[in-house]
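Architecture at a glance
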Amino acid sequence: MKSVSISGSIRENVGKKDAKAQRKQGLVPAVLYGGEKQIPLLVKEMEMNNLIYSPEVRYVELDVEGKVYKATVQELQFHPVTDHLLHVDFLESVPERPVTIAIPVKITGTAPGVLRGGKLSKKVRKVRVRGKLEDIPEFITIDISNLDILDTIRAGEVKLEKVEMVEAPSMIIVTVLSSRNVSEAETTEEEAPAATAAE
């Protein structure tokens with residue numbers, strides 16, 4: 001998994017009035033926890049936007065006044081009207097301690113069911129996995145080469161190395177839906193033998 005560097009500074013004043021003034025300066029209150037101690041921070045909103053709105057999932061190399069911490073974003077708070085970022089929770093990555101993070105699903109192959117007129121339906125864009133930070137992949141690859149019409153791939157069927165899926169095993173990741181034309185064709189095929197027998 002790729003990383004992104006974000007600079008942070010120790011937040012000395014933690015009151016609501018101070019937070020409002022800091023946000024006007026393009027700074028976002030944040031906290032880094034999970035390590036030896038909890039650290040109140042200020043990070044640049046622009047740097048966070050580059051992380052939040054990227055299609056790639058990355059962990060953070062958080063530079064706090066010269067000391068770099070590896071961390072993952074655990075929670076983001078946005079303003080309900082302006083959508084400006086209000087607060088960030090960073091979880092420090094400690095060696096040997098697993099983390100849970102959502103990573104993208106990448107589809108490969110061509111489903112036979114799609115070639116027969118079905119429609120591929122990707123139910124989720126990301127799935128949650130748990131493992132050591134260095135073992136978490138950038139994405140999960142789902143091969144649909146064996147999917148026929150009405151076939152599905154569920155979370156419990158996906159085999160991963162070094163990390164585990166943190167989703168209900170029954171959760172559908174991708175399926176091939178039956179189109180109207182395919183349904184009509186199948187109905188015709190089912191009715192044809194009956195008509196022959198009647199004759």
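Presented here is a report on the structure given in the accompanying data block. For every chain, the first residue of the written sequence is number 1, and numbering continues from 1 along that sequence. Thresholds applied to this predicted model are a pLDDT of at least 70 for local features of residues and 80 or more for the giving and counting of side-chain atom pairs; totals over whole chains, interfaces and linings are not thresholded and use all residues. Hydrogens and water molecules were not included; the side-chain quantities draw on all heavy atoms of the structure.

1. Some words on the overall build of the chain
Applicable threshold: Here a strand is any run of E in DSSP of at least two residues, a helix any run of H or I of at least four, and the numbering for each starts at the N terminus. Residue exposure (1.4 Å probe, protein chains only): buried if accessible area is under 20% of the type maximum, exposed if over 50%, otherwise partly exposed. Accessible surface is estimated by sampling points in the Shrake-Rupley manner with a 1.4 Å probe; for residues, cover comes only from the protein chains shown.
For the chain, the count of helices and strands is 4 helices and 13 strands. The buried share of the chain, reckoned over its 199 residues, is 33%. Accessible surface, the chain: about 12300 Å² in total, of which carbon and sulfur atoms supply 50%.

2. So, the layout of surface pockets
Short version of the rule: Grid points spaced at 1 Å and placed over the protein atoms alone form the basis of the search, with a cavity being a set where a 1.4 Å probe fits but cannot get out and a pocket an open set showing protein on both sides within 12 Å along at least five of seven lines. Lining residues have an atom within 4 Å of a point. Grid points are joined across faces, edges and corners, and a volume is the space filled by probe spheres set on the points. Throughout this entry, Asp, Glu, Lys and Arg are counted as charged residues, while Ala, Val, Leu, Ile, Met, Phe, Trp, Tyr, Cys and Pro are counted as nonpolar. The remaining residues, Gly among them, count as polar.
Its volume calculated, the largest pocket comes out at about 370 Å³. In terms of lining, the largest pocket is formed by 16 residues, of which the most central are Val57, Val73, Ile101, Ala102 and Lys126. The set of elements that each furnish at least two residues to the lining of the largest pocket consists of helix H2 (45-52), strand E5 (67-78), strand E7 (99-108) and strand E9 (126-131). Taken together, the residues that form the lining of the largest pocket break down as 7 nonpolar, 4 polar and 5 charged. Volume-wise, the second largest pocket comes out at about 160 Å³. Residue lining of the second largest pocket: Arg23, Lys24, Leu27, Val28, Glu45, His79, Thr82, His84, Leu85 and Leu86, and that is the complete set. For the lining of the second largest pocket, the secondary-structure elements that each account for two or more residues are helix H1 (16-24), strand E2 (27-33) and strand E6 (85-92). Grouping the amino acids of the lining of the second largest pocket by side-chain chemistry returns 4 nonpolar, 3 polar and 3 charged.

3. Here's the deal with the sheet that holds E5
Let me state the cut-off plainly: For two strands to count as paired, DSSP must find a minimum of two bridges between them. Fitted lines through C-alpha atoms give the axes, limited to the stretch in contact for helices. The angle between two N-to-C directions lies from 0 to 180 degrees.
Ordered by their spatial adjacency, 6 strands build a closed barrel running E1-E3-E2-E6-E5-E4, and the pairing between neighbours is mixed. Going from strand to strand, the sheet's axes swing by 45° on average, the running direction of each strand aside. In the sheet, E5 pairs with E6 via 7 bridges, with the strands oriented antiparallel. For Gln77, the partnering residue across the bridge sits in E6 and is His87.

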